[in-house]
Amino acid sequence: MKIHALAVQTGFEVDTETHVQARTRARALGAFVREIPFATALLDRDLALVAVSPEWAAQGVAPRLEIEGDAVAGGLVAPEDVEALRACAQDGLAFSRYLPVLDEHGVQRVWRTEFSACRDAEFEEGRAYAVMVTARDVTGYADSVLRAERDQQRLRMALELDDLLVREYDLRTKEVYFSGTAPELQKWCTFQDDPLEVAHPDDRQRCTDLVATRKVGEARVFEFKLNRDDGVETWVRSVGKVFVGADGKPEKLVNLFKDITDRRRHTEAIETLAFRDPLTGLPNRALFQHRFQEAVTASESLGEMFGLIMIDVDHFKDINDSLGHDAGDALLKRLAGMLQHAFRSSDTVARLGGDEFAVILRGLHGEADMTRPIEKLQDLLRRPIEHGGRSFTASASIGAALHGDPDADPAHMIKNADIALYRAKEAGRNRSIVFEPSMRSEVEQRLELLRDVRAAVAENEFTLFYQPVVDIREHKVAGFEALMRWEHPEQGILTPARFMAAFEDQDLSLKLGDMAFETALRQMREWLDQGVDFGRVAVNISSAQFRSGRLAQEIQERLARWNVPCERLTIEVTENVYMGWGSDLVSDTVRQLHEAGVMIALDDFGTGYASLANLRQFPIDRLKIDKSFVQNDEDEAIVRAVITLGTSMGMKVVAEGVEDAEQLAALSRYGCDQVQGYHFGRPMPAGEVPGFLRGFGG
Ligand code: C2E
Ligand code: CA
Ligand code: CA
C-alpha cells in the first residue's frame with residue numbers, strides 16, 4: 001500500500017503508542033476540518049489524508065487525492081516537495097507552494113497551498129501530530145503578477161536599449177529612485193533639493209517656466225543642457241509628470257531622460273547649413289521667415305507686441321568696390337557683431353542677404369524698447385572699422401515697425417519696415433525711421449513696382465525701342481537712341497514713365513543697364529552683319545552704373561565681345577550724374593570712353609543745376625537740349641543761347657522732342673546740328689529700323 005510505503009520512507013514507527021494517539025488527535029481535528037468554510041485539508045503525521053473541507057472537495061483541489069491515498073500520488077505536493085512536507089510533519093516547519101491544477105473544464109488553475117503543522121503543547125512536547133493544508137485559488141492574481149513582471153521586464157529592456165533613464169522622486173519622503181538603465185546619464189541626474197538643479201544655468205529659467213505651467217498629471221517635454229561640473233556639453237530630452245497619491249495630492253515626480261547630444265549636434269549641423277548665413281553665422285532669410293511667423297502667431301494669440309527692424313548698409317557696394325571684397329566681408333561681420341551687441345540675445349538678428357539685415361524683437365512694452373537698441377547700434381556704428389591697416393567708417397539706414405495693434409495685420413510688418421527703411425534712405429541715409437501708417441501709399445506703390453520689375457527682369461520682359469536722331473544739315477539719319485520698353489504681358493508696351501523708379505534703384509538699375517547694353521550691342525552686331533547703316537546707337541546710363549568704377553572697362557569689353565567698333569556707340573549721361581555722387585569717378589569713366597572713341601552725350605541739358613562752365617571739365621561731345629525747352633516757345637532765347645554756347649565749346653547740339661516742322665525750322669535757323677522727335681520718328685522696335693532707314697534715304 002502506498003500509505004505504508006510513504007510511512008516507511010518518512011521513518012515513522014507505525015505502531016507506537018504515541019503514534020496511535022497522534023492519529024486519533026488528527027481524526028478528531030478532521031471532524032472540525034470538514035466544517036471549515038474554505039478549502040482546507042488535513043494530513044496525519046504519516047501524511048495520509050484525514051479530511052477535506054466541502055470547499056476543497058467542491059473546487060476539486062488535487063481531485064485524485066482520496067482519503068486513503070498519499071500526498072504525492074494525489075498531486076498535493078510535487079515529488080521535490082516531499083522533503084518539505086516531511087519536515088513540516090516532523091519538525092513543524094511551515095511552507096507554501098503554488099499548485100497547478102486542471103479544473104473540471106480542463107482549464108489550468110493555480111492554487112496557493114500553505115502547509116502548517118498542528119501541535120499541542122500538552123501532546124508530546126508540542127510535536128506535530130498533523131499537517132493542515134489550506135488552498136486559495138490565485139489563478140487571476142498569479143497571471144497579473146506574471147504579466148506585471150513581464151511588462152516590467154519589457155519596459156526595462158526598452159529603457160536599456162534606448163539608454164533611457166527613469167527617475168522617480170517621492171515628493172513626500174524626498175526619496176529618489178533610478179531605473180539604473182543609463183548609468184552615465186544617472187550621474188548628472190541626481191540633485192540635492194530641487195529636481196531642476198540638473199538643468200544647466202543657461203536653461204534653468206526656461207525649464208522653471210515650463211514646470212510652472214505644468215498641471216499635475218500633465219506630461220511635459222523639456223530639452224536642456226545638463227548641469228555638468230566637468231563642463232562636458234550634454235543635451236537631454238526629458239518627459240516629466242507628477243502623479244497623485246491615493247489622497248489626491250501630488251505624490252511622485254517621474255522623469256524620463258534621454259541623452260540627445262548626438263542628435264542635437266546633428267540637427268544643429270543641418271540647421272547651420274540650412275538656416276545660418278555662413279559669413280556672419282547669423283540666422284539667414286529662411287530662419288528669419290520662420291521666426292517672423294512665430295512672432296506673428298504670438299502676437300495674434302497672446303496679443304504680444306513685437307518690433308521689426310530692417311537695416312541696410314549705406315553705399316555698401318562702393319565700399320566693396322573701392323576697398324575690396326575682404327573689407328566688405330569684414331564690415332558685414334563687424335556689423336553682425338554690433339547688432340548682436342545692441343540687441344538682446346532673445347531678439348532674432350538675421351542677415352537677409354547682401355548688406356541687408358533684420359531684427360525681430362519680441363515681448364516689447366512700447367516703442368522705446370525698440371528705439372533704445374537702435375540708438376545703441378548707431379553709437380556702435382560711429383566707431384571706425386579697421387581692416388588691413390586701413391580704417392574706415394560705415395553707416396546704415398534703418399527702418400523700423402512696431403506691431404501691437406490687434407486689429408492690424410502683423411503680416412504687413414515686413415512691408416512697413418521696408419517702407420520706413422526706404423524713407424530713411426530717401427531722407428539722406430545714415431538714420432533710422434519708425435514706420436507710420438501715413439507713409440504707406442506712395443511708397444507702397446513704389447515697392448510694389450520694384451518687386452514687379454524684378455520679376456519682369458527675370459522673365460525677360462524688357463526690350464529696347466530705337467528712335468532716330470537726324471542730322472538736319474546733311475538730312476540723314478545720324479543714329480538712334482535706344483529706349484527701354486517693358487513688354488507687359490497684360491498692359492502691353494510700357495514706357496519708362498511707368499517704371500522710372502527702377503532706374504533709381506541700385507540693384508535694378510544695374511540689371512536693366514546690363515540688359516540695355518547687351519541688347520543694343522547684339523542688335524548693332526546684327527545690323528552690321530546685315531549691312532544696315534544705322535550710324536550710332538545711343539544708350540542711356542544711370543548713375544548707379546558708374547558706381548563700380550569699372551564701367552569704362554566693362555563697356556569696352558562688351559564692345560570687343562560683340563565686335564562692335566567704339567565709334568558706333570554713344571552713351572547718354574544726365575547732368576545730375578555729373579554733378580552727383582562721385583563725380584571724379586564719372587569724370588574718369590567718361591574720359592576713358594571718350595578716348596576710346598565712344599561718343600559722350602550730355603542728356604536733358606537745362607533741367608538740372610549744372611552750368612556749362614562747371615561741365616567744362618568733362619569730355620562732352622554732344623549736348624542734348626531737353627524737350628521741355630524745345631517745345632516751349634517762351635524758352636526760345638534759352639535754346640538759342642545753349643546752341644551758341646555749345647557750338648562755341650566744340651560740342652554738337654541735339655534738340656529733343658521735335659514734334660513739328662515749325663520747331664524744326666526754328667532749330668535749323670539757330671544752328672542746331674541734330675534733332676530727335678516724333679516729327680521724324682517715334683521710338684520703334686528694332687525690326688522696323690531697316691525699313692525706316694530705307695524710307696528716309698529714299
Ligand atoms: P530721355 O533719355 O530724355 O529720352 C527721350 C525721351 O523723349 C523718350 O522717352 C522719348 O520717347 C521721348 N521723346 C522723343 N521724341 C519725343 C517727342 O517728339 N515728343 C515727346 N513728347 N517725347 C519724345 P521714353 O522712351 O519714354 O524714355 C523716358 C526716359 O527714360 C528717357 O528720357 C531716359 O531718361 C529713360 N530711359 C529710357 N531708356 C533708358 C535706359 O535704357 N536706361 C536708362 N538709364 N534710362 C532710360
Ligand atoms: Ca536719353
Ligand atoms: Ca533726354
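Residues numbered from 1 in each chain as written. Chains lettered and ligands numbered in written order. Predicted model: local features only at pLDDT ≥ 70, side-chain atom pairs only at ≥ 80, totals over all residues. Heavy atoms only, no water.

**Things to note about helix α5 (residues 139-161)**
Test applied: In DSSP terms, a helix is any run of H or I states spanning at least four residues, a strand is any run of E spanning at least two, and both are numbered starting from the N terminus. Expected span, for any helix, means 1.5 Å times one less than how many residues it has. We call two residues contacting when some pair of their heavy atoms lies within 4.5 Å.
The terminal C-alpha atoms of α5, which comprises 23 residues, lie 33 Å apart, in line with the 33 Å expected from a rise of 1.5 Å per residue. Looking at the buried residues of α5, the elements they touch are β4 (108-118), β5 (130-137), β6 (164-170) and β10 (250-259). Following α5 by one or two positions, D163 adopts a phi angle in the positive range, close to 50°.

**Focus: the coordination of the calcium ion (ligand 3)**
Here is the rule we go by: Each metal site is built from N, O and S donor atoms within 2.8 Å (3.2 Å for Na, K and Ca), and since water is not included, such sites may look incomplete. When accessible area is computed with a 1.4 Å probe and restricted to protein chains, residues below 20% of their type maximum are described as buried, those above 50% as exposed, and intermediate ones as partly exposed.
The coordination sphere of the calcium ion (ligand 3) contains the protein donors D603 (OD), D604 (OD), E656 (OE) and E656 (OE), at a distance range of 2.1 to 2.6 Å. One chain supplies every donor for the calcium ion (ligand 3), spaced along it as D-D-x51-E. In this structure, the calcium ion (ligand 3) lies 3.9 Å from the calcium ion (ligand 2), and both are coordinated by D603. Classification of D604 as partly exposed rests on a relative accessible area of 24%.

**Concerning the pattern of salt bridges**
Under the convention used in this document: A pairing counts as a salt bridge when a side-chain nitrogen of Lys or Arg comes within 4 Å of a carboxyl oxygen of Asp or Glu.
If you walk through the whole model with that rule in mind, you get 42 salt bridges. R45 is paired through a salt bridge with E124; the nearest N and O atoms lie 3.0 Å apart. Here R45 is found in the loop between β1 (40-44) and β2 (49-52), whereas its partner E124 is found in the loop between β4 and β5, with 79 residues between them in sequence. Connected through shared salt-bridge partners, E223, R237, R263 and R264 make up one network.

**With respect to the site of ligand 1**
Let me state the cut-off plainly: Nearness is judged by heavy atoms alone; a residue qualifies as near a molecule or strand once a single heavy atom is within 4 Å of it. As used in this structure description, the phrase polar contact means that two N or O atoms lie within 3.5 Å; if the pair is within protein, one of them must be able to donate a hydrogen and the other to accept it, and residues adjacent in sequence are counted only when both atoms belong to side chains. Only the protein chains shown count as cover for residues, with accessible areas throughout obtained via the Shrake-Rupley method and a probe of 1.4 Å.
Taken together, 24 residues are adjacent to ligand 1, and Q467, R485, K627, E659 and Y678 come closest. Within the side chain of R485, an N or O atom sits 2.9 Å from an oxygen atom of ligand 1. Taking K627, its side chain carries an N or O atom lying 2.9 Å from an oxygen atom of ligand 1. Protein contact buries 87% of the 800 Å² of open area that ligand 1 shows by itself. Within the residue set of the shell around ligand 1, elements represented by two or more residues are β19 (476-488), α15 (500-504) and β23 (599-605). With four residues, the top contributor of residues to the shell around ligand 1 is β19.

**A short note on the domain arrangement of the protein chain**
Heads up, the rule is: Domain borders in the structure are assigned automatically or taken from a domain database.
Annotation of the protein chain at the domain level lists domain 1 (5-144), domain 2 (163-266), domain 3 (279-436) and domain 4 (450-695). Between domain 1 and domain 4, the C-alpha centre-to-centre distance is 122 Å.

**Some words on the nonpolar core**
What counts, and what does not: The term nonpolar core refers to a set of buried residues drawn from Ala, Val, Leu, Ile, Met, Phe, Trp, Tyr and Cys, joined through side-chain atoms within 4.5 Å.
I571, Y578 and V675 are the most contacted members of the largest nonpolar core, which totals 78 residues. In terms of residue count, helix α16 (residues 506-530) provides more of this core than any other element does, nine residues in total. Ignoring sequence-local partners within four residues, the contact set of V675 consists of P468, V469, V470, I472, V654, A655, V658, L664, L667 and F680. Judged by nonpolar contacts, the second largest core, of 32 residues, contains F316, V349, L361 and L364.

**Some points on the sheet that holds β6**
Formally: At least two bridges found by DSSP between two strands is the condition for calling them paired. Between N-to-C directions, angles cover 0 to 180 degrees, with each direction set by a line fitted to C-alpha atoms, over the stretch in contact for helices.
Spatial ordering of the open sheet is given by β7-β6-β10-β9-β8, a layout of five strands whose pairing is antiparallel. Every other strand in the sheet has two partners, leaving β7 (176-178) and β8 (220-225) as the edge strands with one partner each. Each strand axis lies, on average, 25° off the axis of its neighbour in the sheet, ignoring direction. One ladder, built from six bridges, connects β8 with strand β9 (residues 235-244); its direction is antiparallel. Looking at the pairing, E223 lines up with R237 of β9. Along the sheet, helix α7 (residues 201-212) contacts β8 and β9; its crossing angle with β8, the most-contacted strand, is approximately 170°.

**Digging into unusual backbone geometry**
Positive phi values are uncommon outside glycine, yet E125 reaches one of about 55°. Of note, the phi angle at K174 is positive, near 65°, even though the residue is not glycine. Along the chain, the position of K174 falls in the loop between β6 and β7. According to the relative accessible area criterion, K174 is exposed, its value standing at 53%.

**A closer look at the packing of helix α10 (residues 316-323) against helix α11 (residues 325-342)**
We apply this condition: Every angle not falling under 35 degrees, over 145, or within 65 to 115 is termed oblique; those three ranges are roughly parallel, roughly antiparallel and roughly perpendicular. Gly counts as polar in this scheme, as do all residues outside two lists: the nonpolar Ala, Val, Leu, Ile, Met, Phe, Trp, Tyr, Cys and Pro, and the charged Asp, Glu, Lys and Arg.
At a minimum axis distance of 6 Å, the contact between α10 and α11 shows a crossing angle of 140°. With respect to α11, the axis of α10 lies oblique. Counted together, F316, I319, N320 and L323 of α10 and H325, A327, G328, L331 and L332 of α11 form the full contact between these two elements. A breakdown of the residues in the contact of α10 with α11 according to their chemical character gives six nonpolar, three polar and no charged.

**Some words on the coordination of the calcium ion (ligand 2)**
Looking at the metal site, the calcium ion (ligand 2) is ligated by E481 (OE), N540 (OD1), E572 (OE) and D603 (OD), spaced 2.1 to 2.3 Å from it. Coordination of the calcium ion (ligand 2) draws on donor residues from a single chain, spaced E-x58-N-x31-E-x30-D in sequence.

**Some words on the pairing of β6**
A regular strand places its side chains so that they alternate between the two faces of the sheet. The element β6 is extensively covered by neighbouring structure, given that six of its seven residues are classed as buried. Here seven bridges tie β6 to β10, and the two strands are oriented antiparallel to one another. Bridge pairing in β10 links L165 to F257. In terms of strand pairing, β6 meets β7 through three bridges, oriented antiparallel. From the neighbouring strand, E168 faces β7, where its bridge partner is Y177. With antiparallel pairing between neighbouring strands as the criterion, β6 and β7 make up a hairpin whose turn holds five residues, including K174 at a positive phi of roughly 65°.

**Some details on the layout of surface pockets**
Here the idea is plain: a probe the size of a water molecule rolls over the atoms and shows the empty space left. Let me state the cut-off plainly: A cavity, in this analysis, means grid points on a 1 Å lattice covering only the protein atoms where a 1.4 Å probe fits yet has no way out; a pocket is instead an open set bounded by protein on both sides within 12 Å along at least five of seven lines, and a residue lines either one if it has an atom within 4 Å of a point. Grid points are joined across faces, edges and corners, and a volume is the space filled by probe spheres set on the points.
When its volume is computed, the second largest pocket comes out at roughly 760 Å³. Around the second largest pocket, the lining is made up of 21 residues, and of these R276, R291, S345, D347 and T348 lie nearest the centre. Among the elements of the structure, α8 (261-275), α9 (285-302) and β12 (348-353) are those that each provide at least two residues to the lining of the second largest pocket. The class makeup of the residues in the lining of the second largest pocket is six nonpolar, seven polar and eight charged.

**Comments concerning the pairing of β5**
As paired elements, β1 and β5 share five bridges and run antiparallel to each other. When the bridges of β5 are listed, D44 appears paired with A130. Bridge analysis of β4 against β5 gives eight bridges, and the strand direction is antiparallel. From the neighbouring strand, T113 faces β5, where its bridge partner is A135.

**Examining empty space enclosed by the protein**
This model, assessed by the stated rule, comprises one cavity of 30 Å³ or more. Ranked by residue count, the leading element in the lining of the largest cavity is helix α2 (residues 17-33), at three residues. Broken down by class, the residue content of the lining of the largest cavity amounts to two nonpolar, one polar and four charged.

**Here we look at the sheet that holds strand β17 (residues 432-434)**
The strand order β12-β13-β11-β16-β17 describes an open sheet built from five strands, whose pairing is mixed. The sheet is open, and its two borders are formed by β12 and β17, each paired with just one other strand. For this sheet, the mean angle separating the axes of adjacent strands, direction not counted, is 20°. With three bridges connecting them, strand β16 (residues 396-403) and β17 associate as parallel partners. Residue pairing in the sheet places I398 in a bridge with S432 of β17.

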